[in-house]
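Structure assessment
Now for the letters of each chain:
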Amino acid sequence: MLDSMRLFPSDPAARAVSAKLYETVRDLPILSPHGHTDPAWFAKDESFPNPAALFIQPDHYIFRMLYSQGVSLESLGIPQVDGKQQADPREVWRIFARHYYLFRGTPTRLWLDYSLSTLFGLSERLNAENADDYYDTISRALQTAEFRPRALFEKFRIEVLSTTDSPLDPLEYHKAIQESGWKGRVLPTFRPDAVIDAEYAGFLENIEKLGAITGENIGTFKGYLNALRSRRAFFKSMGATATDHGHLTAMTTDLDPSTAESLYQRILSGRSVPEEQQIFQAQMLTEMAGMSVEDGLTMQLHPGSIRNHNKLLYGKFGRDKGADIPSPTEYVRNLRPLLSKYGNDTRFTFIVFTLDESTFSRELAPLAGHYPALRLGPPWWFHDSPEGMMRFRETATETAGFYNTVGFNDDTRAFLSIPSRHDVARRIDCAFLGRLVAEHRLDEEEAFQVVQDLTVNLVRKAYKL
Amino acid sequence: MLDSMRLFPSDPAARAVSAKLYETVRDLPILSPHGHTDPAWFAKDESFPNPAALFIQPDHYIFRMLYSQGVSLESLGIPQVDGKQQADPREVWRIFARHYYLFRGTPTRLWLDYSLSTLFGLSERLNAENADDYYDTISRALQTAEFRPRALFEKFRIEVLSTTDSPLDPLEYHKAIQESGWKGRVLPTFRPDAVIDAEYAGFLENIEKLGAITGENIGTFKGYLNALRSRRAFFKSMGATATDHGHLTAMTTDLDPSTAESLYQRILSGRSVPEEQQIFQAQMLTEMAGMSVEDGLTMQLHPGSIRNHNKLLYGKFGRDKGADIPSPTEYVRNLRPLLSKYGNDTRFTFIVFTLDESTFSRELAPLAGHYPALRLGPPWWFHDSPEGMMRFRETATETAGFYNTVGFNDDTRAFLSIPSRHDVARRIDCAFLGRLVAEHRLDEEEAFQVVQDLTVNLVRKAYKL
Amino acid sequence: MLDSMRLFPSDPAARAVSAKLYETVRDLPILSPHGHTDPAWFAKDESFPNPAALFIQPDHYIFRMLYSQGVSLESLGIPQVDGKQQADPREVWRIFARHYYLFRGTPTRLWLDYSLSTLFGLSERLNAENADDYYDTISRALQTAEFRPRALFEKFRIEVLSTTDSPLDPLEYHKAIQESGWKGRVLPTFRPDAVIDAEYAGFLENIEKLGAITGENIGTFKGYLNALRSRRAFFKSMGATATDHGHLTAMTTDLDPSTAESLYQRILSGRSVPEEQQIFQAQMLTEMAGMSVEDGLTMQLHPGSIRNHNKLLYGKFGRDKGADIPSPTEYVRNLRPLLSKYGNDTRFTFIVFTLDESTFSRELAPLAGHYPALRLGPPWWFHDSPEGMMRFRETATETAGFYNTVGFNDDTRAFLSIPSRHDVARRIDCAFLGRLVAEHRLDEEEAFQVVQDLTVNLVRKAYKL
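Looking at an unreviewed UniProt entry, one finds chain A named Uronate isomerase, with Edaphobacter modestus as its source organism. Listed under Sequence similarities (unreviewed entry) in UniProt, the entry text for chain A is "Belongs to the metallo-dependent hydrolases superfamily. Uronate isomerase family." Under the Pathway (unreviewed entry) heading, UniProt states for chain A: "Carbohydrate metabolism; pentose and glucuronate interconversion."

Written out as structure tokens, the structure reads:
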């Protein structure tokens, strides 16, 4: 099922170079500096439940596609906000298998085939006929010791795995991992949306909690900032090397202290309007950049997703159900206040992502090819795919070069897909480099260095790993 | 002139797969569910006039290019709004032939070469020297029985051909075709712009006529909606399976009934301002979607063209003279009201097109890869070309898959170009699939199924043919 | 270091055609109708200074990349606004050599390798070890007669080289060249930003000077226009064939004379607000188009760059330091007033450029494929690169054809890079055409004609050379 030449150019000359390059990175350790796995897995090291709960129910790439073709989320056992979840896991798996053809031409298909084949030795394409056999084989495997989270972590050769965590999180699982004696590096990432985005569910209570946890007076902007500073320090003490910020836009601003204080009071009053909330978020990006200059945490910004687009579905199933849709995103004017203040600081690393590919050649590569602090995050979400990754290299490299990029993020909560995602990313980088060499735009000897840099060195440097 | 490997990748491995795939779809019947041919041709079955009237004067792809290089529309015999049209058809043809080099690298050139070669046996490239010969050969052929509309329809193996029609149209030609005993399926499509767009020429009179035809009271919004419902039912009884909507933007809205009624009264007063007219159109898209849920007509939306950009030319020659220019088009926020109301309904099929290719990966594929009702229309107008069709597959497939697309539309009023347009589309799909197979991203066996689906199955399903 | 097949497709069939095409244009003369070389070089014909001053300090492509990776502009000897510039040229060169790996995959690397190899016989890749040797070799060469500006001009086979000049410039160097007896054609280009953009440094003084030079009464709009007309005539008498306009947006407008007069008075008062200044620029584009219809100067528009994005850097180093960032640019609505007024005039040539590649297929190709006056400028600035030039052909050709484009612009102030830039452009055109031929989308015989047209004929026609 898995051809060794997959994803390389079909032209023999370019393919040969790609394959040679790939040989040198195929077995390198996995650095996963941004993702959404659950630290409890590694703290508890319990077996994963059934195949449906592992592969389908947590993966919005999968159930959004099934839903788009008329498969109900109820039938897939997606949990509802009222707590209902009624679906036999085996039946969910059968529905998935019957609809496996829908994933033709998608990265999901590549990831699944890789996982089924490499981890479970299932080398035939999943279909309605073999669904039950596959379910049984996977179920049996999941009960064995070698499929427990820590064993898989080691089998996958993961050097570092970063999770994404609320500033209110006591990081107990990270602590448990560290104290367990197990050597796997599972690092927290400071993601403060819950105490910065005034529309976030429970926002005001979250601020209260922030004050309680840190002992800072969150009644003033200064106290609020100190509370955040304090949590960043705690995260750092627990191994964090980065922060992450999910905003609707890339807007930043640089208010004078008294304006910022007044704005914070409006936010705290619970009577702020959306415009004020957006400016507050914009200001907080700049504040967070300032703290990154202080404490050295790498800063990540993920803007541009309109969340919960489908009102009916949101009402029934809640957040993160495949109904987040990208929208046009402006970076040049929006990032100017932050970049003008901190973008020239070589101590600061600011990694920016996009869901709007038209910005790579127009805005992001020119910005990253100039500001010392700025780096381009890898293709994100819908664009974490063979064509998406290739377009990224083709549109960003000529202006930003390779060295203003930061390697690959798997960004996943699907733990078993991690090796397959890194494998696709490595193959596409080799395919791109193979073409450059075959077209005599890069010396072969250099390509071997570049592919090492893309796979490990740039990741280590950008995320300070 | 026509190489059998044309449009396939030049890499031998990918080409070989493409060619094998193409063999299996080359001779499949043509399904043309969206276009602008004239039903009168098939009702009357009269000979087409001269080559200029057939190939040049109705085809804005052709005369816009000639015009852009300084050829006057007068010299091409394009009819003027004051009724003037003075040009010898043979002379028009000669001008065209002299400028044939302008079409190098364009799809028009591919379509023309195919038609000249396949239909008329003219296998040398058109040029100033052979122009008269070609004119004579085509003229003679057009007078023969096998070049009459019905004979060509059959020769082209057209299974279904949809026209585009005003709701005020009595569909007399469609009736005549049905009553003639001829078996060709020529179906109307319900295109209500003339009674929805308040800027449409004769809008208020059109509304009056709509009331008169249906016997509904168009003085109220409810009566107006019933009148539209009545015409949809009539179109459906005449074979229609779809509606089509051409709007400046993709804006939709979901007004409460009393607001909608007031807005309708403003529109009816003839004193509405552009903003009101736009909201009315936005509301009508949602109303039309509701009616599609009721009556099962597939709904098509074609937004994003700024019509009649060239004021001087519009004054002299009127609409549809090659001066319609695409503009940036937003879908995510604009479609939200309609999709939130009807997008989850699996009885509803909503096909959306774009002239803004940047939306495929950013907005349209994510939307179509989620909402059960939504499907992606094929590349439209300027993008109905080898590169445009390839970019569509490359930017949409990874997120929306193949199965949220609906096959090809030729969208043409140039009847003789229909086989060539479908041939180009089939070849490009084979070229894309050939590359996926050669890069081991899709099994060859699956590619054979996909190409059948793209060519006929998805069309039949989406348009209920 | 320079493979003869570089930049051609790696597929042997497409490569073979590309190589054959390239053979026929490789040695054609260079037409450089738009650029920023210094006419004083050719008037004085003095030796160029050291390698750093020649290759690094004037080239923002180079120092922006170094700066983005933490190399300070001070260490590169970039002059500061306070006049400071302290850096040993040899040390600057060493820094550059140490960081040469940063340019992997960028066009800068291609240009540099070509220049070092072709001009100086330096065929090993630049690195920290050979930096001093290379510095010495280049330094020695620069002192020889064959590396003086006029000798290089001839060696490069430059047929025409256009500079870019202020309307206040007396063109003394152009005059000196003409009177010197040397046959090299170095033509001025009329670039009036300094007297049209109210934010331009010294704007009001510039207007005064304009009045003084021309003897026109710049106190009225009519007098101001006459002053511009007078300078255009002077530039034309000095050989100019074109104007150039650098605006933030592509906005044009067509005000009635009295409104235009009032607006001019506001601008002249020094109290105008940014909106007024923008409308004034918009009006002036239409006025300039009208003058081009009168005097036949080809008009160029370069919109979309947000200048001096990095405030800190701008304060210390001033303009043009690699901190100009593209932003989304709208053409369809913005150009409508100008195009409606003059776009149908076949005497007028209007060349439009973009930094927003999404506009090629959506807006610019449809506009250029319709309006007789409009032509597409080649890929500009960040997009003057192998991938950028290929995307331009792929996204513009199918709608605009080849014949609404105008050949290549090197747009450079780096004189030594001119042959390498034209070589890259010729190779990419051959690569694109080679693929069209290999895919049977264009006859080989036609491709030979097209590549001649792209390299010289379309340039001569568009710029009236």
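With respect to the interface of chain B and chain A
Taken together, the contact between chain B and chain A spans 44 residues of the former and 52 residues of the latter. Interface area, chain B with chain A, both sides summed: about 4000 Å², of which 49% is carbon and sulfur. The largest share of the area that chain B buries against chain A comes from Arg 362, His 370 and Glu 398 of chain B, three residues that together contribute 18% of it. Counting across the interface, chain B meets chain A through 9 salt bridges. Between Arg 104 of chain A and Glu 446 of chain B there is a salt bridge, and its shortest N-O distance comes to 3.2 Å. Connecting chain B to chain A are 33 residue pairs in polar contact (both at pLDDT 80 or more). When residues of the side of chain B that touches chain A are traced back to their parent elements, those giving at least two are α15 (332-342), α16 (358-368), α17 (386-400), α18 (418-438) and α19 (444-463) of chain B. For the side of chain B that touches chain A, a count of residues per class yields 15 nonpolar, 13 polar and 16 charged.

What to know about unusual backbone geometry
All names here are of chain C. With a phi angle near 55°, Asn 308 is a residue other than glycine that sits in the positive phi range. Position of Asn 308 among the secondary structure elements: in the loop between β6 (305-306) and α15 (311-317). Of note, the phi angle at His 440 is positive, near 60°, even though the residue is not glycine. Topologically, His 440 is positioned in the loop between α19 (418-438) and α20 (444-463). Taking relative accessible area as the criterion, His 440 reaches 30% and is therefore assigned partly exposed.

Section: the relation of the copies chain A and chain C
Each copy of the chain is related to the other by a rotation around an axis and a translation along that axis. Superposition of chain A onto chain C requires a rotation of 120° combined with a translation of 0.0 Å along the rotation axis, giving an RMSD of 0.0 Å. On the angle and the small slide along the axis, the relation comes out as a three-fold axis. By C-alpha distance to the rotation axis, the residue of chain A lying nearest is Asp 11 of chain A, at 3.4 Å. Little of the interface of chain A is mirrored in chain C: 2% of its interface residues are interface residues there too.

Some remarks on the packing of helix α1 (residues 12-23) of chain A against helix α19 (residues 418-438) of chain A
Residues and elements named next belong to chain A. Two elements in contact, α1 and α19, have axes separated by 7 Å at closest approach and are oriented at 130°. Judged by the inter-axis angle, α1 sits oblique to α19. Note that α1 runs across α19; the crossing there is right-handed. Contacts between α1 and α19 involve Ala 13, Ala 14, Val 17, Ser 18, Leu 21 and Tyr 22 from the former and Asp 423, Arg 426, Arg 427, Cys 430, Ala 431, Leu 433, Gly 434, Arg 435, Val 437 and Ala 438 from the latter. Partitioned by chemical class, the residues of the contact of α1 with α19 number 10 nonpolar, 2 polar and 4 charged.

Some remarks on the pattern of salt bridges
In total, this model carries 123 salt bridges over all chains according to the counting rule given. Of the charged contacts in the structure, one is a salt bridge between Asp 132 of chain B and Arg 90 of chain B, with a shortest N-O distance of 3.2 Å. With Asp 132 of chain B in helix α7 (residues 131-142) and Arg 90 of chain B in helix α5 (residues 89-98), this residue pair connects regions lying 42 residues apart in the sequence. Judged by relative accessible area, Asp 132 of chain B falls into the partly exposed class, the value being 26%. Across the pair Asp 136 of chain C and Arg 90 of chain C runs a salt bridge, and its minimum N-O distance is 2.5 Å. Of this pair, Asp 136 of chain C sits in helix α7 (residues 131-142) while Arg 90 of chain C sits in helix α5 (residues 89-98), and the two are 46 residues apart along the sequence. Given a relative accessible area of 26%, Asp 136 of chain C falls into the partly exposed group.

A look at the side chain of Ser 68 of chain C
You can see Ser 68 of chain C is positioned in helix α4 (residues 60-68). Among the polar contacts listed, one links the side chain of Ser 68 of chain C to the side chain of Asn 404 of chain A, at a separation of 2.9 Å.

A short note on the domain arrangement of chain A
Size of an interface, as often reported, equals the accessible area lost when the parts are brought together. Residue and element names in this part refer to chain A. Segmenting chain A into domains produces domain 1 (12-47 + 148-463) and domain 2 (48-147). Computed from C-alpha coordinates alone, the two centres of domain 1 and domain 2 are separated by 27 Å. Between domain 1 and domain 2, the contact holds 35 residues from the first and 30 residues from the second. Both faces combined, the contact of domain 1 with domain 2 buries some 2800 Å², and carbon together with sulfur accounts for 66% of it. On the domain 1 side of the contact with domain 2, Ser 47, Phe 317 and Leu 416 bury the most area, a combined 23% of that side's loss. Linking domain 1 with domain 2 are 1 salt bridge, by the criterion used here. In this structure, Lys 316 and Glu 74 form a salt bridge, with 2.5 Å as the shortest nitrogen-oxygen distance. The interface formed by domain 1 and domain 2 holds 7 residue pairs in polar contact (both at pLDDT 80 or more) in total. Looking at which element gives the most residues to the side of domain 1 that touches domain 2, the answer is α19, with 5 residues. Of the residues that constitute the side of domain 1 that touches domain 2, the class distribution is 16 nonpolar, 8 polar and 11 charged.

Basis of the calculations
Residues numbered from 1 in each chain as written. Chains lettered and ligands numbered in written order. Predicted model: local features only at pLDDT ≥ 70, side-chain atom pairs only at ≥ 80, totals over all residues. Heavy atoms only, no water. UniProt positions renumbered as here; feature names shortened; annotations may be inferred. Contact = heavy atoms within 4.5 Å. Buried area = accessible area lost by both parts, 1.4 Å probe. Salt bridge = Lys/Arg side-chain N within 4 Å of Asp/Glu carboxyl O. Polar contact = N/O pair within 3.5 Å; in protein donor to acceptor, adjacent residues only side chain to side chain. Helix = DSSP H or I, 4+ residues; strand = E, 2+ residues; numbered from the N terminus. Nonpolar A, V, L, I, M, F, W, Y, C, P; charged D, E, K, R; others polar. Buried < 20%, exposed > 50% of the residue type's maximum accessible area, 1.4 Å probe, protein only. Least-squares fit on C-alpha atoms with pLDDT ≥ 70 in both. Axes fitted to C-alpha atoms, helices over the stretch in contact; angles between N-to-C directions. Parallel < 35°, antiparallel > 145°, perpendicular 65-115°, else oblique. Left-handed = near helix turned anticlockwise from the far one by under 90°. Domains from an automatic or database assignment.

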